Amino acid sequence: MQKYDNCWLNKDTFFNKNYESYILHGDCDITNSIHKEVGYFLSLRQVYEENLADLVFKKLEQQDSSLGIEGFKIDIGKTTYISSNTPVGLLYGFFKFINLLQNDNLSSIVEIPKNSIRMLNHWDNINGTVERGYAGSSIFFENNQIVKDKSVIYHYARLLASVGINAVSINNVNVHKIETYLIREPLLSCVSDIAYIFRKYGIKLYLSVNFASPVEIGELDTADPMNEDVINFWEKETNRIYKKIPDFGGFVVKADSEHRPGPFTYGRNHADGANMLAKALQPHGGVVFWRCFVYNCEQDWRDRKTDRAKAAYDHFMPLDGSFDKNVILQIKNGPMDFQVREAVSPLFGSLRKTNTVLEFQIAHEYTGHALHVFYLPSMYKDILKFKTYAEVSKDGCIMDILKHYPCENNELNGITAVAGIGNDFNLTGHKLSQANLYGFGRLAWNPKTCKSEIAKQWINSTFNINENAKNIIKDILITSPQTYENYTAPLGVGWMVNIYTHYGPSVNGYEFDRWGTYHFSDRNGMGVDRTLKTGTGYTRQYLDKNFEIFENIDTCPDELLLFFHYVPYTHILKSGKTVIQHIYDTHFEGVEKVEEYIKKWNEIKEELDIVSFKNVKNRLQEQYRSAKEWRDQINTYYYRMSGIEDEKGRTIYK
Ligand code: GCW
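Let us look at the structure shown here. (Residues numbered from 1 in each chain as written. Predicted model: local features only at pLDDT ≥ 70, side-chain atom pairs only at ≥ 80, totals over all residues. Heavy atoms only, no water.)

1. Let's talk about the overall build of the protein chain
Step number 1: Helix and strand content of the protein chain: 17 helices and 18 strands.
Step number 2: Across the 654 residues of the protein chain, 63% fall into the buried class.
Step number 3: For the protein chain, the accessible surface area stands at approximately 24900 Å², while carbon and sulfur atoms represent 49% of it.
Step number 4: For the protein chain, the distance from the average site of its 74 positive side-chain charges to the average site of its 81 negative ones is 2 Å. (Helix = DSSP H or I, 4+ residues; strand = E, 2+ residues; numbered from the N terminus. Buried < 20%, exposed > 50% of the residue type's maximum accessible area, 1.4 Å probe, protein only. Areas by Shrake-Rupley, 256 points an atom, 1.4 Å probe, with all protein chains shown as cover. Lys, Arg positive; Asp, Glu negative; His and termini not counted. Charge placed at Lys NZ, Arg CZ, Asp CG, Glu CD.)

Structure below.
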């Protein structure tokens, strides 16, 4: 049996009729990869005369500035031309060409990525575990070493390049003891071996670093970013890294967050910390991704004034404009933490003079641990389309912010995501989660791509099945986020998960704890009052128009109502239902929908390969069990709190 699933690079979905020969000049790491890909997909004969070839890869002699360094053109004719200014553009062009064939949609096109940074962050530890990973062990590390068999890394690099990913960080942002030494020999040589594989597919490698490295490694007794010795330490480290890996991307840093060290220890701010590292990287062209996930995780739940949602803005907004040019602030999509539904971070549209990337999560930390189906591109699209009303464009939606702030066409903006992949046969645990990795790549390349088009493309290139089966899978994907949201925490309030594991219901799991994650349910109502008038004042972090929308209970969208307001259970939603009836109805509907998925999946058994069929079938059974548990705990809890009967008289455990 093959070692790994071919995912969307599946040859069975690819029917090549018209191509027999090709021409590709040039000899470099990436052109060699293109030769391999051509061999894998087309088994063509290479010819040396253009007029004899069916397919010609053309690195443009005269640069076409409109294509930039990653764009490409595909011209379909008697001979098909794929042209670009660079080898990596040709590689992207070839993968696109295959994708068009898989989708039976071949036509001449020009493509240029909308974002220059299209990155994946891995939370892999050197012992082989993956923080918040639900798809097996690390593909990079095992037993405190780099893996011996690197074939899966090749496979993964191909998959990433095929959807235009151009950057990866390979280790957990929580950098523990041994991982601190990844910047040093002997581990650095191993990192360099991984960089070599990714380089062949146009992908740059980054490392997460420990801000306290000078102390942890035992060379200094301080990590103060203003200290000369500390500055020299990082300069020496980066010089050494670049000697080994000349195209090294740079560092990802989680500082002063969840017990990670950072500049606060020395009375410095985050610009001091980030700029110090940036200066060490700058001569080599490297950059620092500095995460904005900074909040007090030792909060007293009795304290109603402190609001975790406000933390990132409070820390970083005053520093806008004080970061070096090669610092990029990395901002989680929401102000809390990758909840199924939460508001969009108010830093977007507010920061004007700082490079930013948006951080998504593909790992299913709060979206069912790759045991529940959850099609993430739907969520990503909602976020990318969110209107900040910053003047950058008509509505200042997030995708425009990424492109245009802090300046027109800047080189250091884009999207990153926590990958969550592992060495499971299919890399993502749930076969249908492959659509999330695929979709993330597509949206990072072009945020305008529509979610149903992404689902369609992924299905066409992954499964060789009939139209009916394709439609069933597409329907499951597209409806899955709403289904999951229906049976979990209601109306944007979030959490209610088991503490630490973040799987399964626990209404009060986080309620009386230190993490700043509350729903404040009592006998009268529920929700977090984040208004300026009577609550924490979080709403004021948005630009005026959104401030007004969220501040006012009449204009606040239903799906975020409890994120912004405390309301009685009898509050009438825009849908016309009371909050309590909405809770009951959605929880019953969510479970019914999972039952329907199981039925539909069984219907298409004959179409599917047995491995994929069983993978999803087993997971759907678990999703069904878990959804019922969610439904019954949430409904029972709110029945007991409110004392209000379900209008439809369904079973609630009283
Ligand atoms: O909420 C938390 C996760 C942690 C993670 C952290 C982060 C890597 O539960 O596991 O740590 O987010 O994003 O840094």
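From this point on, the discussion continues.
2. What to know about the sheet that holds strand β5 (residues 80–84)
Step number 1: Here 6 strands make up an open sheet; going across it, the order is β2-β1-β3-β5-β4-β6 and the pairing mixed. Every interior strand has two partners, whereas the edge strands, β2 (45–46) and β6 (109–111), have only one. (Pairing = 2+ DSSP bridges.)

3. A short note on the sheet that holds strand β12 (residues 250–253)
Step number 1: Pairing in this closed barrel of 8 strands is parallel, and the strands run β7-β10-β11-β12-β13-β14-β15-β16 around the ring. On average, each strand axis in the sheet is tilted by 25° relative to the strand beside it, whichever way the strands run.
Step number 2: In the sheet, strand β11 (residues 204–208) pairs with β12 via 3 bridges, with the strands oriented parallel. The residue of β12 that forms the bridge with Tyr206 is Gly250. (Axes fitted to C-alpha atoms, helices over the stretch in contact; angles between N-to-C directions.)

4. Concerning the packing of helix α9 (residues 376–384) against helix α11 (residues 434–445)
Step number 1: Close contact between α9 and α11 brings their axes to 8 Å; oriented N to C, the two are set at 25°. It follows that α9 is roughly parallel to α11 by the angle criterion. Within the contact between the two elements, α9 uses Leu376, Pro377, Tyr380, Lys381 and Leu384 and α11 uses Ala435, Asn436, Gly439, Phe440 and Leu443.
Step number 2: The residue makeup of the contact of α9 with α11, split by class, is 7 nonpolar, 2 polar and 1 charged. (Parallel < 35°, antiparallel > 145°, perpendicular 65-115°, else oblique. Contact = heavy atoms within 4.5 Å. Nonpolar A, V, L, I, M, F, W, Y, C, P; charged D, E, K, R; others polar.)

5. Section: the pairing of strand β14 (residues 327–332)
Step number 1: Burial within β14 is extensive, with 6 of its 6 residues counted as buried.
Step number 2: Going residue by residue along β14, you find Val327, Leu329 and Ile331 tucked away on one face and Ile328, Gln330 and Lys332 tucked away on the opposite face as well.
Step number 3: Across 4 bridges, strand β13 (residues 287–291) lies against β14 in parallel orientation. Bridge assignment links Phe289 to a residue of β14, and that residue is Ile328.
Step number 4: Taking the sense of rotation as the criterion, the β-α-β connection linking β13, helix α8 (residues 311–316) and β14 turns out right-handed. (Right-handed = clockwise from strand over helix to strand, strands pointing away.)

Purely spatial values, then, with no claim about function.
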